[in-house]
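As a plain string of letters, each chain reads:
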Amino acid sequence: MTDMSLDSLKSRVPDYAKDLKLNLGSVIGNSDLPAQQLWGTVLATAIASRSPIVLRELAPEAKANLSAEAYTAAKSAAAIMAMNNVFYRTRHLLSDHEYGTLRAGLRMNVIGNPGVEKVDFELWSFAVSAINGCGMCLDSHEQVLRKAGVDREVIQEAFKIASVIQAVGSTVEAEAVLADAE
């Protein structure tokens, strides 16, 4: 495994955000998650962060550490949750709870057949939901993971990765804009 992409990303984090740089190295470099769970979470949350810099730096390393099927499934988790998080968060936030009784009518076939172990896909979907802030989706995926015997520590590891990648993305993108403004 090469850390060049990770080191490159860490070098872009400014000194005022040193904690983020240290946390990035820690949540990826010192994770106890199996490689597929780790790198699928990294890829899915890098996509969800909406940071071209983060995605450009971390995607090659994720690709090197995942099978082709897992790489595609992690991208699928980010894609389907981008839709589901908006839909279910909106449904949950509306005062009129009758929307919750209506048929969604949205295709979500990938959730039933993601091409990887269901637990891994659920973990990646959970991590993306953390970034996108959908409480309904967080609860739903957390319950599926817990019923499958996944420990809280593993689930927390996924949202630690999500929180650090989101924060790094926000910071490096802000720095890029500020550098262009000077």
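Residues numbered from 1 in each chain as written. Predicted model: local features only at pLDDT ≥ 70, side-chain atom pairs only at ≥ 80, totals over all residues. Heavy atoms only, no water.

Asks: Would you take a moment to explain the overall build of the protein for this structure?
Replies: When helices and strands are counted, the protein shows 9 helices and 0 strands. Starting at the N terminus and ending at the C terminus, the protein contains elements arranged as α-α-α-α-α-α-α-α-α. Against the 2.2 N^0.38 benchmark of 16 Å for 182 residues, the protein shows a C-alpha radius of gyration of 17 Å, consistent with a compact globule. Principal-axis analysis of the C-alpha atoms places the extent of the protein at approximately 50 × 35 × 25 Å. When burial is assessed residue by residue, the protein has 43% of its 182 residues classed as buried. As displayed, the protein offers around 9,600 Å² of accessible surface, 52% of which is attributable to carbon and sulfur atoms. In the protein, the 17 positive side-chain charges and the 22 negative ones have mean positions that sit 6 Å from each other. (Helix = DSSP H or I, 4+ residues; strand = E, 2+ residues; numbered from the N terminus. Rg over C-alpha atoms; globule rule 2.2 N^0.38 Å. Buried < 20%, exposed > 50% of the residue type's maximum accessible area, 1.4 Å probe, protein only. Areas by Shrake-Rupley, 256 points an atom, 1.4 Å probe, with all protein chains shown as cover. Lys, Arg positive; Asp, Glu negative; His and termini not counted. Charge placed at Lys NZ, Arg CZ, Asp CG, Glu CD.)

Asks: How do you make sense of the side chain of S49 when you look at a structure like this?
Replies: As for its position among the elements, S49 is in the loop between α3 (35-48) and α4 (52-65). A distance of 2.7 Å separates the side chain of S49 from the backbone oxygen of A46, its partner in a polar contact. The residues contacting S49, other than those within four sequence positions of it, are V54, I131, I165 and Q166. (Polar contact = N/O pair within 3.5 Å; in protein donor to acceptor, adjacent residues only side chain to side chain. Contact = heavy atoms within 4.5 Å.)

Asks: How should I be thinking about the state of the cysteines in this particular structure?
Replies: In protein chemistry, a disulfide is the covalent bond that joins the sulfur atoms of two cysteines. Counted according to the given criterion, the structure contains 0 disulfides. Not engaged in a disulfide, the cysteine C134 finds its nearest cysteine sulfur in C137; these two sulfurs lie 3.2 Å apart. With a relative accessible area of 0%, C134 lands in the buried category. (Disulfide = S-S within 2.5 Å.)

Asks: What am I meant to see in the nonpolar core here?
Replies: Counting 52 residues, the largest nonpolar core has W124 and V168 as its most contacted members. For this core, the elements supplying multiple residues, two or more each, are α1 (4-12), α2 (18-29), α3, α4, α5 (68-93), α7 (118-132), α8 (135-147) and α9 (152-181). Looking at this core element by element, the count peaks at 9 residues for α5. Those residues in contact with V168, other than ones at most four positions away along the chain, are L9, V13, L20, L24 and V54. (Core = buried A, V, L, I, M, F, W, Y, C linked by side-chain atoms within 4.5 Å.)

Asks: Explanation requested: unusual backbone geometry in the structure shown.
Replies: A negative phi angle characterises most non-glycine residues, just as the trans form characterises most peptide bonds. For R50, which is not a glycine, the phi torsion comes out positive at approximately 65 degrees. Considering the arrangement of structural elements, one finds R50 in the loop between α3 and α4.

Asks: Is there a simple way to explain the pattern of salt bridges in this structure?
Replies: Close approach of charged atoms allows side chains of opposite charge to pair. Across all of its chains, the model carries 3 salt bridges by this definition. One salt bridge in this structure joins R12 and E57, with 3.9 Å as the shortest N-O distance. Of the two residues, R12 is situated in helix α1 and E57 in helix α4; the sequence distance between them amounts to 45 residues. Between E122 and K118 there is a salt bridge; the shortest N-O distance is 3.0 Å. (Salt bridge = Lys/Arg side-chain N within 4 Å of Asp/Glu carboxyl O.)

Asks: Looking at this structure, how should I read α9?
Replies: Residues spaced three or four apart along an α-helix point in a common direction, a consequence of the helix completing one turn every 3.6 residues. Compared with the 44 Å implied by 1.5 Å per residue over 30 residues, the 43 Å span of α9 between its first and last C-alpha is a close match. Within α9, the full set of buried residues consists of I155, E157, A158, I161, A162, V164, I165, V168, G169, T171 and V172. (Expected span 1.5 Å × (residues − 1).)

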